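A structural walkthrough
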Amino acid sequence: MRRMASALAVLNKEVVICTQCPRLVAYREQVGRERRRAYRECEYWARPVPGFGDPQARVLVLGLAPGAHGSNRTGRPFTGDASGKFMYPILHKVGFASQANAECRDDGLKLVDCYITAAVRCAPPDNKPLPSELANCAPFLDRELRILKNVKVVVALGKIGFDAYLNYLKRNDILRSKAGYAFAHAARYSVPNGITLLASYHPSNQNTATGKLSAAMFEAVFREAKKSAVSGP
Ligand code: SF4
């Protein structure tokens, strides 16, 4: 446990000072300088956002990227924005989070048997990272997945998170082809490394406000994740 936690701490120290993607460095800092009116008094994090959670987690949540005024402001995944307001109460209900609210890094929230990370660790304009930015950030995901040895289930939020995991499998010669792995909400795959891959629509405001993703649909994915973490693929 301690070894995993310290390996993650070393990794995350490197993540937070990364400047490999000039476009994203410029954007994350610009957002932090200009600030949304509601957060004018807040000091924005405006750096890469490291993964967060239980180093012994059996369930990994793989998202897209920090939100410009969410985790790019608070420094913790899905914290301080609409996506987190939708997601954390469900994680809490299912037993993966110690509390339902996630406002800031020191709000006391702890994840239980769950770790949250993202395909890209800097906020991209319009939530759209470039392929080159996904490629730059991929080695951080590879290292994270090597450290998180207890992971049995990956919950991919959105197609970019889903593809990021399939690309990880390909890079590491675990998967030859992505054919046969189609993204769909609640899709479930057993991948050759023994992991259960679950797909979910991303809990973005765009999906939740329009009803494309309901709380019941999202909860069902995490209940399935819990079951699969215990029973295996
Ligand atoms: S997206 Fe990833 S690789 Fe690019 S600057 Fe941010 S942390 Fe570095």
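A brief structural summary. Note that the coordinates shown come from a computational prediction; the quantities given were computed from them, not determined experimentally. (Residues numbered from 1 in each chain as written. Predicted model: local features only at pLDDT ≥ 70, side-chain atom pairs only at ≥ 80, totals over all residues. Heavy atoms only, no water.)

This next bit is on the packing of helix α4 (residues 82-94) against helix α8 (residues 215-231). What describes two packed helices is the angle between their axes and the distance between those same axes. Interaxial distance between α4 and α8 falls to 10 Å at its minimum, and their mutual angle equals 45 degrees. With respect to α8, the axis of α4 lies oblique. Classified by chirality, the crossing of α8 by α4 is right-handed. Contacts from Phe 86, Met 87, Ile 90, Leu 91, Lys 93 and Val 94 in α4 reach Ala 215, Phe 218, Glu 219, Phe 222, Arg 223 and Lys 226 in α8. Looking at the contact of α4 with α8 residue by residue, the classes come out as eight nonpolar, no polar and four charged. (Axes fitted to C-alpha atoms, helices over the stretch in contact; angles between N-to-C directions. Helix = DSSP H or I, 4+ residues; strand = E, 2+ residues; numbered from the N terminus. Parallel < 35°, antiparallel > 145°, perpendicular 65-115°, else oblique. Left-handed = near helix turned anticlockwise from the far one by under 90°. Contact = heavy atoms within 4.5 Å. Nonpolar A, V, L, I, M, F, W, Y, C, P; charged D, E, K, R; others polar.)

Attention now moves to the site of the ligand. Every residue near the ligand is listed here: Cys 18, Gln 20, Cys 21, Leu 24, Arg 28, Pro 48, Val 120, Arg 121, Cys 122, Asn 136, Cys 137 and Phe 140. Assessed atom by atom at 2 Å from the grid points, the ligand resides in the largest cavity. Elements represented by at least two residues in the shell around the ligand include exactly α2 (22-34) and α5 (131-147). Sort the elements by how many residues they give to the shell around the ligand and α5 lands first, with three residues. Its residues placed into classes, the shell around the ligand shows eight nonpolar, two polar and two charged. (Near = heavy atom within 4 Å. 1 Å grid on protein atoms, 1.4 Å probe; cavity = no way out; pocket = protein on both sides within 12 Å on 5 of 7 lines; lining within 4 Å. Sits in = over half its atoms within 2 Å of the grid points.)

A separate point is α2. Taking 1.5 Å per residue, 13 residues should reach 18 Å; α2 reaches 18 Å between its end C-alpha atoms and fits that length. By the burial criterion, the buried members of α2 are Leu 24, Val 25, Arg 28, Val 31 and Gly 32. When α2 is viewed along its axis, its buried side chains cluster within an angular range of 140 degrees and face the same direction. Residues of α2 that are exposed and point more than 90 degrees away from the buried face comprise Pro 22 and Arg 33. Packed against the buried residues of α2 are α3 (71-74) and α5. (Expected span 1.5 Å × (residues − 1). Buried < 20%, exposed > 50% of the residue type's maximum accessible area, 1.4 Å probe, protein only. Arc of directions from axis to C-beta.)

Looking now at the pattern of salt bridges. For side chains of opposite charge, pairing can occur when their charged atoms come near one another. Enumeration according to the criterion identifies eleven salt bridges in this entry. The shortest N-O distance in the salt bridge between Asp 142 and Arg 171 comes to 2.5 Å. Taken together, the positions of Asp 142 in helix α5 and Arg 171 in helix α6 (residues 158-171) put the pair 29 residues apart, joining distant regions of the chain. Notably, a salt bridge pairs Arg 223 with Glu 219, separated by 3.0 Å at the nearest N-O pair. Remark: Glu 219 and Arg 223 occur in helix α8; sequence separation between them is four residues, near one turn of the helix. You can call Glu 219 buried: its relative accessible area is 14%. Through salt bridges with shared partners, a single ionic network connects Lys 93, Glu 219 and Arg 223. (Salt bridge = Lys/Arg side-chain N within 4 Å of Asp/Glu carboxyl O.)

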